[in-house]
Amino acid sequence: MVAFWILAPIMVIAALGLLFVRKAVHAALLLAVVMISLAVLYLVLEAPFLFAVQIIVYTGAILMLFLFVLMLVGVDASDSVVETIRGQRAFAIVGGVALGVLLVTGLGQVSLGTAVGLDEANAPGNVQALANILFSRYVFAFEATSALLITAAVGAMVLAHRERLTPRVGQAERAAQRLQEYADKGAHLGPLPPPGVYARHNAVDTPALLPDGTAAESSVSRVLAARGTVRSAPAMADDIEEIENQIGWAPHAGRDAAPPASTTEEAPATGGEHE
Amino acid sequence: MSDVTPFVVLSGILFTIGCVGVLTRRNAIVVFMCVELMLNASNLALVAFAKQHGNLDGQIAAFFVMVVAAAEVVIGLAIIMTIFRTRRSASVDDASLLKY
């Protein structure tokens, strides 16, 4: 019973957190707390098989499925606070409190008497005793469960299946398309220039510098450009001069703020890629 | 002390919390988690009563509830995924096409 009085408040707090947290991932983690505590309570209630099943099936499989779907749907898919039915939230809370009071007072007043305990029923071992019942009295329910599980698996496959509406684009088709674009529009055939080739930095947000000192926009990922986090390469070159001044080493003294494309070790032979 | 009343009361509290969660939350996945919480609460009551009465039928029932819950979660999450794919939203308020 010590375990119960430690775990019960934790479970109630975690379950209440489920009502109030904004992010669905936090709700999933709180639910994991509740489920693992429940598993321990099953152990207290002399159900070691259900303890294992609770951890394996609920926290292991079902909650992981929840987390997978959360990752697919988007972690930041949080609740909207707009009520579609006016006053629904207030009514739900009032009704919930009423139900809670009813259940707790009702169940609290029942005198169940001393529990019989499962020592006798668990005499051959909990798993063996459960198997005896499951494969004799409940065998039809057990078989129906297998049909249910197969139906669920097939149903999930059907629901998750997407018809391919367009023919698959393979490597050969992509290559042919590239060459066609080269023939038609003179589009560059090779790969895009990597970022930071002519700049001092090779970070992905630093554009490569073309031989004339301008930044090659195609060298930076479009995502970064859309976010507006692309760094200015000539500004980087200014940084370099500043640092050179600070450390008192100025091989390029008297030079303008031209990019340091002339430094030999940073001028690879990929210049021909740019027109 | 071999009284299972505290377990049953805890189960009632958890069931109530799950019930309120289903009614108040708007994210379909969180609503689903609250349904799971209610199923777990009923499982706790079943296991507690199995101990109270000294036979294992309650534990078998809890076991079946777990199996059915697993199947239900698979289908439910697949439905939520399908709705999300077409509507770009996991909110239960957005799936209201039958209303109009």
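Coordinates for the structure precede this section.
Please read all numbers here as calculations on a predicted model, not as lab measurements.

Participant: Account for the overall build of chain B, naming residues and giving values.
Facilitator: What chain B contains, in helices and strands, is three helices and zero strands. Its helices and strands taken in sequence order, chain B reads α-α-α from the N to the C terminus. What you see for chain B is a C-alpha radius of gyration of 17 Å, clearly larger than the 13 Å of a compact globule of 100 residues, by over 25%. Considering only C-alpha atoms, chain B reaches an extent of 55 × 25 × 20 Å along its principal axes. Within chain B, buried positions represent 57% of all 100 residues. Residue pairs at least 24 apart in sequence account for 48% of intrachain contacts in chain B once pairs closer than 6 positions are excluded.

Participant: I'd like to hear about the nonpolar core, residue by residue, with values.
Facilitator: Ranked by size, the top nonpolar core spans 73 residues in total, and within it L31 of chain A together with I29, M33, L37 and V47 of chain B carry the most contacts. For this core, the elements supplying multiple residues, two or more each, are α1 (2–20), α2 (24–44), α3 (48–73) and α6 (139–160) of chain A together with α1 (5–24), α2 (28–53) and α3 (57–87) of chain B. Here the element with the most residues in this core is α2 of chain B; it accounts for 16 residues. Residues in contact with V47 of chain B, not counting those within four places in the same chain, are Y42, L45, A47 and L50 of chain A together with G58, Q59 and A62 of chain B. Core analysis: the next-biggest nonpolar cluster, separate from the first, contains five residues, A208, L210, A215 and A216 of chain A among them.

Participant: Report on the interface of chain B and chain A, specifying residues and quantitative values.
Facilitator: Contacts between the two partners involve 66 residues from chain B and, on the opposite side, 71 residues from chain A. Broken down by secondary-structure element, the contributors of at least two residues to the side of chain B that touches chain A are α1, α2 and α3 of chain B. Ranked by residues supplied to the side of chain B that touches chain A, first place goes to α3 of chain B with 22 residues. Within the side of chain B that touches chain A, the residues separate by chemical class into 44 nonpolar, 15 polar and seven charged.

Participant: Which residues make up α3 of chain B, and what are the values?
Facilitator: Taking 1.5 Å of rise per residue, the 31 residues of α3 of chain B would be expected to cover 45 Å, and the 44 Å separating its terminal C-alpha atoms lies within 8% of that figure. Within α3 of chain B the residues assigned to the buried category are G58, Q59, I60, A62, F63, V73, V74, G76, L77, A78, I80 and F84 of chain B. Taken together, the buried residues of α3 of chain B touch α3, α5 (126–134) and α6 of chain A together with α2 of chain B.

Participant: I'd love a proper account of the packing of α1 of chain A against α2 of chain A, names of residues and values included.
Facilitator: Residues and elements named next belong to chain A. Where α1 contacts α2, the axes come no closer than 9 Å and their chain directions differ by 155 degrees. One finds that α1 runs roughly antiparallel with respect to α2. Viewed along their axes, α1 and α2 form a crossing whose handedness is left-handed. Counting all contacts with α1, which are made through A3, F4, L7, I10, M11, A14, A15, G17 and L18, the residues of α2 involved are A27, L30, L31, V33, V34, S37, V40, L41 and V44. Partitioned by chemical class, the residues of the contact of α1 with α2 number 16 nonpolar, two polar and no charged.

Calculation criteria
- Residues numbered from 1 in each chain as written.
- Chains lettered and ligands numbered in written order.
- Predicted model: local features only at pLDDT ≥ 70, side-chain atom pairs only at ≥ 80, totals over all residues.
- Helix = DSSP H or I, 4+ residues; strand = E, 2+ residues; numbered from the N terminus.
- Rg over C-alpha atoms; globule rule 2.2 N^0.38 Å.
- Buried ≥ 20, exposed ≤ 12 C-beta atoms within 10 Å, placed from the backbone.
- Contact = placed C-beta atoms within 7 Å.
- Core = buried A, V, L, I, M, F, W, Y, C linked by C-beta atoms within 7 Å.
- Nonpolar A, V, L, I, M, F, W, Y, C, P; charged D, E, K, R; others polar.
- Expected span 1.5 Å × (residues − 1).
- Axes fitted to C-alpha atoms, helices over the stretch in contact; angles between N-to-C directions.
- Parallel < 35°, antiparallel > 145°, perpendicular 65-115°, else oblique.
- Left-handed = near helix turned anticlockwise from the far one by under 90°.

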